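Structural overview
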Amino acid sequence: MRQRLSSEPDRYRGRRRVPTPPRSRYAAVVTSAFVGAGVVALGAASQLPDAKAVSPTVLQNLEEASVAQDALADRSADDDRASRSEDRGVSTKVSEEEAAEQAWLLPLGDYEFTSAYGVRFGKLHAGIDLAAPEGTPYKAVHAGTVTSAGYAGGYGYAVTVKHDDGTEMIYAHSRRLFVKAGDKVKAGQVLGQVGNTGYSYGTHLHLEVHVNGAPTDPIVFLRNHGVDIKLKIESVLGTLAAS
Ligand SMILES: [Zn+2]
């Protein structure tokens, strides 16, 4: 599903002269990630005589956070992240590694939101459920360190990633895991495959967030970081959505 937040026209299209892009870290990070999202308009940048002619337009568009988020919501071209560096047509000063440190992303390209956080059958359902076909790769929502990866009772095969701010994200009911405890992971890195292991009825990813060791509603937590699970919108930077 693709969400369009704004019908804002591209008011900069056709302008012959555009301002020089600010050389700020913010702009560079966003530009890099924007390219990575496989945006069609930017895909042509490498074929232009002067790639700089494209960059300012993109940067202007990024002032409309909704435009950027709309593009990022389109995950169709995002799965092949490995080709990102070859596709980059705009030079940046910030590395992909740095950009990846700050990104908050959806864990799955597509899914059905099937169960909310809250009391269910008289018991706290401490996370959210996202249904997807068996074997679908799921990705780290945010960069961090894997603190556990393996079979964990009702969670089945599960991965816990601790972020730099101390919050923890648990990805449960996996069919397979691709990381181990101690691994450093980036946002968007594949952690495992969606499955139906542990206390699970139906193939899905159970996503749980712990703040100060206690579960909290992932919908609210992620929204505060620019990711909307229900609308399937993600943010390059948490600050983008907060502005
Ligand atoms: Zn669940």
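Whatever comes next refers back to the structure up there.
All of the points below concern the structure found in this document. (Residues numbered from 1 in each chain as written. Predicted model: local features only at pLDDT ≥ 70, side-chain atom pairs only at ≥ 80, totals over all residues. Heavy atoms only, no water.)

**Considering the overall build of the chain**
Stated precisely, the cut-off is as follows: Strands are runs of DSSP state E lasting at least 2 residues, helices are runs of H or I lasting at least 4, and numbering of each runs from the N terminus. Residue contacts follow a heavy-atom distance rule, with two residues in contact if any of their heavy atoms lie within 4.5 Å.
Helix and strand content of the chain: eight helices and twelve strands. The contacts in the chain between residues at least 6 apart in sequence include a share of 67% that link residues at least 24 apart.

**Some words on the coordination of the zinc ion**
How we decide: As a rule, N, O and S atoms within 2.8 Å of a metal are its donors, except that Na, K and Ca use 3.2 Å; water is not among the atoms, so sites may look incomplete.
Here the zinc ion is held by the protein donor atoms His-125 (NE2), Asp-129 (OD) and His-206 (ND1), which lie 1.9 to 2.1 Å from it. Along the chain, the residues donating to the zinc ion are arranged with the sequence spacing H-x3-D-x76-H. One end of the pair, His-125, is in strand E3 (residues 123-125); the other, His-206, is in strand E11 (residues 204-211), with 81 residues separating them in the sequence.

**Overview of the environment of Asp-228**
Here is the rule we go by: For the exposure calls, accessible area comes from a 1.4 Å probe over protein chains only, and a residue counts as buried if that area is under 20% of its type's maximum, exposed if over 50%, partly exposed in between.
Take Asp-228: it is sitting in the loop between helix H7 (218-223) and helix H8 (238-242). What makes Asp-228 buried here is its relative accessible area of 15%. With 123 residues separating them along the chain, Asp-228 and Leu-105 place their C-alpha atoms 9.2 Å apart. Not counting chain neighbours up to four residues away, the residues in contact with Asp-228 comprise Leu-106, Tyr-111, Arg-223 and Ile-233.

**Some thoughts on unusual backbone geometry**
Positive phi, close to 55°, is recorded for Phe-121, a residue that is not glycine. In this fold, Phe-121 is placed in the loop between strand E2 (118-120) and E3. Relative accessible area serves as the criterion here: at 81%, Phe-121 is assigned to the exposed category. With a phi angle near 60°, Lys-232 is a residue other than glycine that sits in the positive phi range. Following the sequence through the fold, Lys-232 ends up in the loop between H7 and H8.

**Describing the nonpolar core**
Just so we agree on the cut-off: We call a set of buried Ala, Val, Leu, Ile, Met, Phe, Trp, Tyr and Cys residues a nonpolar core when their side-chain atoms join them within 4.5 Å.
Counting residues in hydrophobic clusters, the biggest one holds 27 residues, and the most contacted among them are Met-169, Tyr-171, Leu-191 and Leu-222. At the level of elements, strand E4 (127-131), strand E7 (157-162), strand E8 (168-177), strand E10 (190-194), E11 and H7 are the ones that each hand at least two residues to this core. Once you skip the residues sitting within four places of it in the chain, Leu-191 turns out to touch Tyr-138, Lys-139, Ala-140, Val-159, Val-161, Tyr-171, Leu-177, Phe-178, Val-179 and Val-185.

**Considering the pattern of salt bridges**
Here is the rule we go by: By convention in these notes, a salt bridge is any Lys or Arg side-chain nitrogen within 4 Å of a carboxyl oxygen on Asp or Glu.
Counting across every chain of the model gives five salt bridges. Notably, a salt bridge pairs Arg-120 with Asp-129, separated by 3.4 Å at the nearest N-O pair.

**Remarks on the packing of aromatic side chains**
Here the distance between the centres and the angle between the planes together describe a pair of aromatic rings. Condition: Two rings from Phe, Tyr or Trp (for Trp, the six-membered ring) form a pair when their centres are within 6.5 Å of each other. A pair whose planes differ by under 30 degrees is stacked, one over 60 is edge-to-face, and the rest are tilted. Only lysine NZ and arginine CZ atoms are considered, and such an atom sits over a ring when it is within 6 Å of the ring centre and within 35 degrees of the ring normal.
Considering all chains together, one arrives at four aromatic pairs under this definition. Ring geometry for Tyr-151 against Tyr-157: centres 4.9 Å apart, planes inclined by 80°, an arrangement best described as edge-to-face. The exposure class of Tyr-157 is partly exposed, given its relative accessible area of 36%. A centroid spacing of 5.8 Å and a plane angle of 80° characterise the contact between Tyr-199 and Tyr-201, whose relative ring orientation is edge-to-face. Relative accessible area serves as the criterion here: at 73%, Tyr-201 is assigned to the exposed category. One residue, Lys-232, lies across the ring of Tyr-111, its end atom 4.6 Å from the ring centre.

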